[in-house]
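Architecture and fold: a report
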2 protein chains.
Amino acid sequence: MSEIFKAHLKKFIELKEEDFPVILSFFEPVSVRKKENLLIEGQICKSHYFVLKGCLRKFFVNDKGVEQTTEFAIETWWITDNLAYEHQLPTEFYIQAVEHSEILVINAQAQEKLLEQFPVMERYFRFIYQRAYAASQMRIKYLYSFSKEAFYNQLEKRHPEFIQRIPQYLIASFLGFTPEYLSEIRAKRVS
Amino acid sequence: MSEIFKAHLKKFIELKEEDFPVILSFFEPVSVRKKENLLIEGQICKSHYFVLKGCLRKFFVNDKGVEQTTEFAIETWWITDNLAYEHQLPTEFYIQAVEHSEILVINAQAQEKLLEQFPVMERYFRFIYQRAYAASQMRIKYLYSFSKEAFYNQLEKRHPEFIQRIPQYLIASFLGFTPEYLSEIRAKRVS
């Protein structure tokens, strides 16, 4: 399973074969059951999660007590509450497994040591954060410019694998719909 | 003016005194007049902008022809369309000076060379992107969870310097208000 991580690293950096086991030793491999929480609102956000297999999501509970999903992470994606993680603060989010998942977990101190010992990992994480930031800038543009229905159409066009894979009520939670409204949109399309 | 950049770099990395002039040589210092555009929708996004003095903003023009501001950059902040910049694509955004500004400009090829020649700059940009990503994750949470009025209150509490400095019509554009609605909120507060 860790081969997935190795292949992923090699897309971004030149990795010496003998270094990989040492890099990997900074991480803990964890199996997560479907709907298991890795992080709960109010906890200090200690860890950064890399998905080898499966799917995680991040959400918060809004004033009305409704779960609002803000992010998904599938294979080879990272997920955490980055603000709380960097400053070791209590989080406003939950991170939960959407499916049974195999993940690698690193904590902030270990990540700092990893970067000290392998400066090439600075380059790797620079790429990861750069791309994540670019994606979230586009996300903000969509949140401003699209109606909810157009946002769904965009998601379906750009990420059909999400629509296939992720339960409808979570897609609705991500888009800020009720599940009923999502059913209506889909029904309208079919008719 | 470049001392501002040096002091900023030193917050993140150990910088050898003799390296700074070489690092600086990768950038072009540019003076931008108020309301001057640095980037226009449809152009290839070639550059990354660092603000030494002044203020830039990023916006797009929505379907109704209205400018929607998505980002500001004040002193020691970076700004670009990161997706278009990394992949050298045409942008969907404009970048414009809010005030007369002094900036440093680097293009994508020069940034790549800078990272090759000074690997310590990987660490610097890793921090920059990590923090920018964390801030935009929180921004997305606010976009989901706050009413427009609550979003304004939050901005006023966390970034009073913005409210002081940036023209009201641009604050309105950032929050997705009409300027009239913003005046109403402010009037309500005073009364």
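Remember, it's a predicted structure, so these values are computed and weren't measured experimentally.

A separate point is the UniProt feature "domain: Cyclic nucleotide-binding" (unreviewed entry) in chain A. As annotated in UniProt, the feature "domain: Cyclic nucleotide-binding" (unreviewed entry) corresponds to residues 30–117 of chain A in the numbering used here. Between the end C-alpha atoms of residues 30–117 of chain A the distance is 23 Å, and the span holds 18% helix and 44% strand.

Another point: the interface of chain A and chain B. Across the contact, 40 residues belong to chain A and 40 residues belong to chain B. Carbon and sulfur atoms make up 60% of the surface buried where chain A meets chain B, a total of about 3800 Å² over both sides. The interface formed by chain A and chain B contains 10 salt bridges. For Lys141 of chain B, the salt bridge goes to Glu92 of chain A, with nearest N and O atoms at 2.9 Å. For the pair chain A and chain B, the number of links is 20 residue pairs in polar contact (both at pLDDT 80 or more). Of all the secondary structure elements, the ones that give two or more residues to the side of chain A that touches chain B are strand E4 (56–61), strand E5 (67–73), helix H3 (82–87), helix H4 (108–117), helix H5 (120–145) and helix H8 (168–175) of chain A. It is H5 of chain A that contributes the most residues to the side of chain A that touches chain B, 20 residues altogether. For the side of chain A that touches chain B, the class distribution of residues is 17 nonpolar, 11 polar and 12 charged.

So, about the relation of the copies chain A and chain B. The transform that puts chain A on chain B rotates by 180° and translates by 0.0 Å along the axis, for an RMSD of 0.0 Å. Taken together, the rotation and translation describe the operation of a two-fold axis. A high fraction, 100%, of the interface residues of chain A reappear at the interface in chain B, so the copies pair face to face through one surface.

Let us look at the sheet that holds strand E8 (residues 101–107) of chain A. All names here are of chain A. Reading across the sheet, the four strands line up as E1-E8-E3-E6 and stay open at both edges, with antiparallel pairing between neighbours. Each having just a single partner strand, strand E1 (28–32) and strand E6 (78–79) make up the two edges of the open sheet. Sheet analysis places strand E3 (residues 47–53) next to E6, joined by two bridges and oriented antiparallel. Its bridge partner being in E6, Phe50 is matched across the sheet by Trp78.

Inspection of every chain in the model, using the stated rule, returns zero disulfides over all chains. For the unlinked cysteine Cys45 of chain B, the closest cysteine sulfur is that of Cys55 of chain B, found at 18 Å.

The next point concerns the domain arrangement of chain A. All names here are of chain A. With domains assigned, chain A is organised as domain 1 (2–141) and domain 2 (146–191). Where domain 1 abuts domain 2, roughly 1200 Å² becomes buried across the two surfaces, and 59% of that area is made up of carbon and sulfur atoms. If you sort the residues of domain 1 by the area they bury against domain 2, Phe72, Ile74 and Arg139 come out on top, with a joint share of 39%. Taken together, the links from domain 1 to domain 2 amount to two salt bridges. Our count for the contact surface shared by domain 1 and domain 2 stands at seven residue pairs in polar contact (both at pLDDT 80 or more). For the side of domain 1 that touches domain 2, the residue count by class is five nonpolar, four polar and seven charged.

As a further point, take unusual backbone geometry. Glycine aside, a negative phi is what most residues show, and trans is what most peptide bonds show. In this structure, Lys35 of chain A takes a positive phi of about 70° despite not being glycine. Looking at the element boundaries, Lys35 of chain A is found in the loop between E1 and strand E2 (37–39).

Quick look at the nonpolar core now. Counting 83 residues, the largest nonpolar core has Phe5, Met121 and Tyr124 of chain A together with Phe5, Met121 and Tyr124 of chain B as the members making the most contacts within it. When neighbours within four sequence positions are excluded, Phe5 of chain A is seen to be in contact with Phe20, Ile23, Leu24, Phe27, Phe50, Leu52, Trp78, Leu104 and Tyr124 of chain A. Counting residues in each nonpolar core, the second largest holds 48 residues, with Ile74 of chain A together with Phe72, Phe177 and Ile185 of chain B among its members.

This part covers the sheet that holds strand E8 (residues 101–107) of chain B. Residue and element names in this part refer to chain B. The strand order across the open sheet formed by four strands is E1-E8-E3-E6, and the pairing between neighbours is antiparallel. The open sheet terminates on both sides in strands that have one partner only, identified here as strand E1 (28–32) and strand E6 (78–79). Helix H1 (residues 2–10) rests against strand E3 (47–53), E6 and E8 of the sheet, and its axis sits at about 105° to E3. Contacts from helix H4 (residues 108–117) reach E3 and E8, with the element oriented near 75° to E8.

Confidence in the prediction of chain A, expressed as mean pLDDT, is 92, and 99% of residues score 70 or more. If you check the scores for this complex, the pTM reads 0.91 and the ipTM reads 0.91.

All names here are of chain A. Both faces of strand E7 (residues 94–97) are covered, namely the face carrying Tyr94 and Gln96 and the face carrying Ile95 and Ala97. With two bridges connecting them, E2 and E7 associate as antiparallel partners. Among the inter-strand pairings, Asn37 is bridged to a residue of E7, identified as Gln96. Sheet analysis places E4 next to E7, joined by four bridges and oriented antiparallel. Counted as the bridge partner of Leu56 is Ala97 from E7.

So, how was this worked out
The residue count restarts for each chain, going from 1 along the sequence in the order it is written. Chain A is the first chain written and ligand 1 is the first ligand written, with later ones labelled in order. At least 70 in pLDDT is required for a residue's local features to be given in this predicted model, at least 80 for side-chain atom pairs to be given and counted, and no such filter applies to totals for whole chains, interfaces and linings, which use all residues. Calculated side-chain values reflect all of the structure's heavy atoms, with hydrogen atoms and water omitted. UniProt positions are given in the numbering used here, feature names are shortened, and annotations may be inferred rather than shown by experiment. Secondary structure counts use DSSP, requiring at least four H or I residues in a row for a helix and at least two E residues in a row for a strand, with both numbered from the N terminus. Whether two residues touch is decided by their heavy atoms; if any such pair falls within 4.5 Å, the residues are in contact. Simply put, the buried area is the total loss of 1.4 Å probe accessible area from both parts when two parts are fitted together. By definition here, a salt bridge exists when the distance from a side-chain nitrogen of Lys or Arg to a carboxyl oxygen of Asp or Glu is within 4 Å. As used in this structure description, the phrase polar contact means that two N or O atoms lie within 3.5 Å; if the pair is within protein, one of them must be able to donate a hydrogen and the other to accept it, and residues adjacent in sequence are counted only when both atoms belong to side chains. In this classification, Asp, Glu, Lys and Arg are treated as charged, Ala, Val, Leu, Ile, Met, Phe, Trp, Tyr, Cys and Pro as nonpolar, and every other residue, Gly included, as polar. Copy-to-copy alignment: least squares on C-alpha atoms, limited to residues at pLDDT 70 or above in both. Two strands form a pair only when DSSP identifies at least two bridges running between them. Two cysteine sulfur atoms form a disulfide, by the criterion used here, when they sit within 2.5 Å. Domain delimitation in this document rests on an assignment produced automatically or drawn from a domain database. In these notes, a set of buried Ala, Val, Leu, Ile, Met, Phe, Trp, Tyr and Cys residues joined through side-chain atoms within 4.5 Å is what counts as a nonpolar core. The rule is simple: take the accessible area with a 1.4 Å probe, protein chains only, and divide by the maximum for that residue type; under 20% is buried, over 50% is exposed, in between is partly exposed. Fitted lines through C-alpha atoms give the axes, limited to the stretch in contact for helices. The angle between two N-to-C directions lies from 0 to 180 degrees. pLDDT gives the predictor's per-residue confidence on a scale running from 0 to 100.

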